Amino acid sequence: MLDIAEELDRWVEQGRDFAVATVVATGGSAPRRPGAALAVDAEGTAIGSVSGGCVEGAVYELCRQALQDGECVLERFGYSDDDAFAVGLTCGGIIDILITPVRAGDRVRPVVAAGLRAAAAGRTAALARIVTGPADLVGRALLIHDGDHGHHGDPHGDEPHTGDRYEGGFGSHPELDRTVAAEARAFLDAGRTGTLEIGEQGSRCGAPLTVLVESSVPPPRMIVFGAIDFAAALVRVGKFLGHHVTVCDARPVFATRARFPEADEIVVAWPHEYLERTRVDARTVLCVLTHDAKFDVPLLQRALRLPVAYVGAMGSRRTHLERNARLREVGVSELELARLRSPIGLDLGARTPEETALSIAAEIVADRRGGSGVPLAGAHTPIHHETAPAPAGRIGSVA
């Protein structure tokens, strides 16, 4: 539900009761990913989407019913083609949807409200909700967040992390609280939303629980090294994909706001020195367009040892071979070199800066999503890479 947090936060402030339907798990060619949500208030106003239109009407009615009876429901929708009027997904996928009432007096409301407030403000937070399990636990929620990590005002997080805090919890199960909080932090660090399986005692012991963890994180970073014309195009594409984009170059005459008006941040510094002092994480992508050994080698020497999502470097195949030789000379291992995407980008036959930026972005997306980069037409690879659905059914009251 955190994808519609701003509007839901307003609903909470206005004192509205509402029910929210959240995609928990998907299979096959499902149209929306876990975390996508549709919310309906007591007046019948609806926001968001869980399926792009296929099952919205049925989910809307489930939300209205949840507002009346106060019960949390897990519903599965699959492919339906036998009856033109049946409710189902025409794409052939499977989607599990959790419907949760959030009413005044419900024990889940303060925790959900805090999660919505954090997400609406652009703060780092993870909301964990028990989807299936014993009746005294289903529908309970725990929010994990911290005070200074990942705000929109400091997306690269140069200040130290001060530790996690959490709100809510699972009643008389403190060990379960601690275990779910630790698991949620792992989801949060990776910027992931999805489910985990755990025992009710906080381990594999006890009745099994399914927990949905929704992560609210600032945009992933894209750091573009080299203030060249190709970089300007890549900045635009990076912003389109939702990245917080930084341009870094040691030459102040090139690294200017006039040349990169759409960049979130422009840094005049030696690239390797900037990389040493800025914060990166498992979602960060590093694009090295400097195309100059005096910049590339010290920068890549450090970049290839960082736990980032992607490291790519521009250059011809000859440049690539020469650069690899220089990197080996300064101690970069073969395992580290294997992480380097060089020459950068997918083979699209790109010529212009815009086409080249598209090829780089395509490689970043394929790398993140596990795509092959081959044409879908005639291929036997899946269109969507999703997690398996969870069990479905009515799962008790959350009041």
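In this text, all values refer to a predicted model and were calculated from it rather than measured experimentally.

Undergrad: What am I meant to see in helix α4 (residues 174-190) here?
TA: Residues spaced three or four apart along an α-helix point in a common direction, a consequence of the helix completing one turn every 3.6 residues. Between its first and last C-alpha atoms α4 spans 25 Å; for 17 residues at 1.5 Å apiece the expected length is 24 Å, and the two agree. Taken together, the buried positions of α4 are Leu176, Asp177, Thr179, Val180, Ala181, Ala184, Arg185, Phe187 and Leu188. Next to the buried residues of α4 lie β6 (125-132), β7 (141-145), β8 (165-168), β9 (194-199) and β10 (208-216). Remark: Gly191 follows α4 within two positions and exhibits a positive phi of approximately 65 degrees.

Undergrad: Hey, could you run me through the packing of aromatic side chains in this one?
TA: How two aromatic rings sit relative to each other is set out by the distance from centre to centre and by the angle between their planes. A full pass over the atoms with the stated rule returns 2 aromatic pairs. Between Trp11 and Phe18, the ring centres sit 5.7 Å apart and the planes meet at 65 degrees, which makes this aromatic pair edge-to-face. Owing to a relative accessible area of 1%, Trp11 belongs among the buried residues under this scheme. Ring geometry for Trp270 against Phe295: centres 5.0 Å apart, planes inclined by 45 degrees, an arrangement best described as tilted.

Undergrad: Looking at this model, I keep getting lost on the sheet that holds strand β14 (residues 285-288). Mind explaining?
TA: Within a sheet, each strand pairs with its neighbour through backbone hydrogen bonds, oriented either parallel or antiparallel. Ordered in space as β13-β12-β11-β14-β15-β16, the 6 strands form an open sheet in which the pairing is parallel. In this open sheet, the two strands that pair with only one neighbour each are β13 (265-268) and β16 (340-341).

Undergrad: Quick question: what am I supposed to make of the layout of surface pockets here?
TA: By volume, the second largest pocket is sized at about 460 Å³. As for the second largest pocket, its lining consists of 16 residues, of which Gly315, Pro343, Ile344, Ala350 and Thr356 are closest to the centre. Across the lining of the second largest pocket, the residue classes break down as 7 nonpolar, 6 polar and 3 charged.

Undergrad: Got a minute to help me understand helix α3 (residues 109-120) in this structure?
TA: For α3, with 12 residues, the first-to-last C-alpha span of 16 Å sits near the 16 Å given by 1.5 Å per residue. Most of α3 sits out of view: 9 of its 12 residues are buried. Taken together, the buried positions of α3 are occupied by Arg109, Val111, Val112, Ala113, Ala114, Gly115, Leu116, Ala118 and Ala119. Count one or two residues on from α3 and you reach Gly122, which has phi positive near 80 degrees.

Undergrad: I'm lost on the environment of Glu265 in this one. Help?
TA: Positionally, Glu265 belongs in strand β13. Sequence separation of Glu265 and Cys248 is 17 residues, and the distance between their C-alpha atoms is 8.5 Å. Polar contacts involving the side chain of Glu265 include one to the side chain of Thr246, which spans 2.9 Å.

Undergrad: Help me understand the pairing of strand β12 (residues 244-249), please; the structure alone is not making it clear to me.
TA: Successive side chains on a regular strand alternate, one facing one side of the sheet and the next facing the other. Most of β12 sits inside the fold, with 6 of its 6 residues counted as buried. What you see with β12 is no split at all: His244, Thr246 and Cys248 on one side and Val245, Val247 and Asp249 on the other are buried throughout. Two strands pair when backbone bridges link them, and strand β11 (residues 221-225) and β12 are joined in this way by 5 bridges, in the parallel orientation. Its bridge partner lying in β12, Met222 is registered against Val245. Assessed by its sense of winding, the connection that carries the chain from β11 through helix α5 (residues 229-240) to β12 is right-handed. Sheet analysis places β12 next to β13, joined by 4 bridges and oriented parallel.

Undergrad: Help me understand the confidence of the model for the protein in this model?
TA: Any region with low pLDDT has predicted coordinates that should not be read closely. When pLDDT is averaged along the protein, the result is 84, and 85% of the positions lie at 70 or above. Note that pLDDT drops below 50 for residues 83-88; the model gives that stretch 9 contacts with residues more than four away or on any other chain. Low pLDDT, under 50, characterises residues 147-162; the predicted model gives this stretch 34 contacts beyond four residues in sequence or across chains.

Undergrad: Got a minute to help me understand the side chain of His243 in this structure?
TA: Locating His243 in the fold gives a position in the loop between α5 and β12. Polar contacts involving the side chain of His243 include one to the main-chain carbonyl oxygen of Pro220, which spans 3.4 Å. When neighbours within four sequence positions are excluded, His243 is seen to be in contact with Pro219, Pro220, Arg221, Met222, Gly238, Asp264, Val285 and Arg368.

Undergrad: Before we go on, may I ask you to explain the sheet that holds β8 in this structure?
TA: Spatially, β8-β7-β6-β10-β9 is the arrangement adopted by the 5 strands of the open sheet, whose pairing is antiparallel. Unpaired on one side and paired on the other, β8 and β9 mark the two borders of the sheet. Within this sheet the neighbouring strands show an average axis-to-axis angle of 25 degrees, counted without direction. Bridge count for β6 against β10 is 7 bridges, and the pairing is antiparallel. Considered in β10, the bridge of Thr132 is made with Thr210. Strands in contact with α3 are β6, β7, β8 and β10; relative to β7, the strand with the most contacts, it is inclined by about 30 degrees.

Undergrad: Any chance you could explain the packing of α5 against helix α10 (residues 353-369) here in plain terms?
TA: In helix packing, the relevant descriptors are the interaxial angle and the interaxial distance, both defined with respect to the helix axes. Interhelical geometry of α5 versus α10 gives an angle of 55 degrees and a closest axis separation of 8 Å. It follows from the interaxial angle that α5 and α10 lie oblique. Of the two elements, α5 crosses α10, and the hand of that crossing is right-handed. Across the interface between the two elements, Asp229, Phe230, Ala233, Leu234, Arg236 and Val237 from α5 touch Pro353, Glu354, Thr356, Ala357, Ile360 and Ala361 from α10.

Undergrad: I keep staring at unusual backbone geometry and nothing clicks. Help me out?
TA: In this structure, Pro343 follows Ser342 across a cis peptide bond, with omega equal to -5 degrees. Position of Pro343 relative to the elements: it lies in the loop between β16 and α10. Phi at His291 takes a positive value of approximately 60 degrees, unusual for a residue other than glycine. Note on placement: His291 falls in the loop between β14 and α7 (293-303).

Calculation notes
- Residues numbered from 1 in each chain as written.
- Predicted model: local features only at pLDDT ≥ 70, side-chain atom pairs only at ≥ 80, totals over all residues.
- Heavy atoms only, no water.
- Helix = DSSP H or I, 4+ residues; strand = E, 2+ residues; numbered from the N terminus.
- Expected span 1.5 Å × (residues − 1).
- Buried < 20%, exposed > 50% of the residue type's maximum accessible area, 1.4 Å probe, protein only.
- Contact = heavy atoms within 4.5 Å.
- Phe/Tyr/Trp six-rings, centres within 6.5 Å; stacked < 30°, edge-to-face > 60°.
- Pairing = 2+ DSSP bridges.
- 1 Å grid on protein atoms, 1.4 Å probe; cavity = no way out; pocket = protein on both sides within 12 Å on 5 of 7 lines; lining within 4 Å.
- Points joined across faces, edges and corners; volume = space filled by probe spheres on them.
- Nonpolar A, V, L, I, M, F, W, Y, C, P; charged D, E, K, R; others polar.
- Polar contact = N/O pair within 3.5 Å; in protein donor to acceptor, adjacent residues only side chain to side chain.
- Right-handed = clockwise from strand over helix to strand, strands pointing away.
- pLDDT = per-residue confidence, 0-100.
- Axes fitted to C-alpha atoms, helices over the stretch in contact; angles between N-to-C directions.
- Parallel < 35°, antiparallel > 145°, perpendicular 65-115°, else oblique.
- Left-handed = near helix turned anticlockwise from the far one by under 90°.

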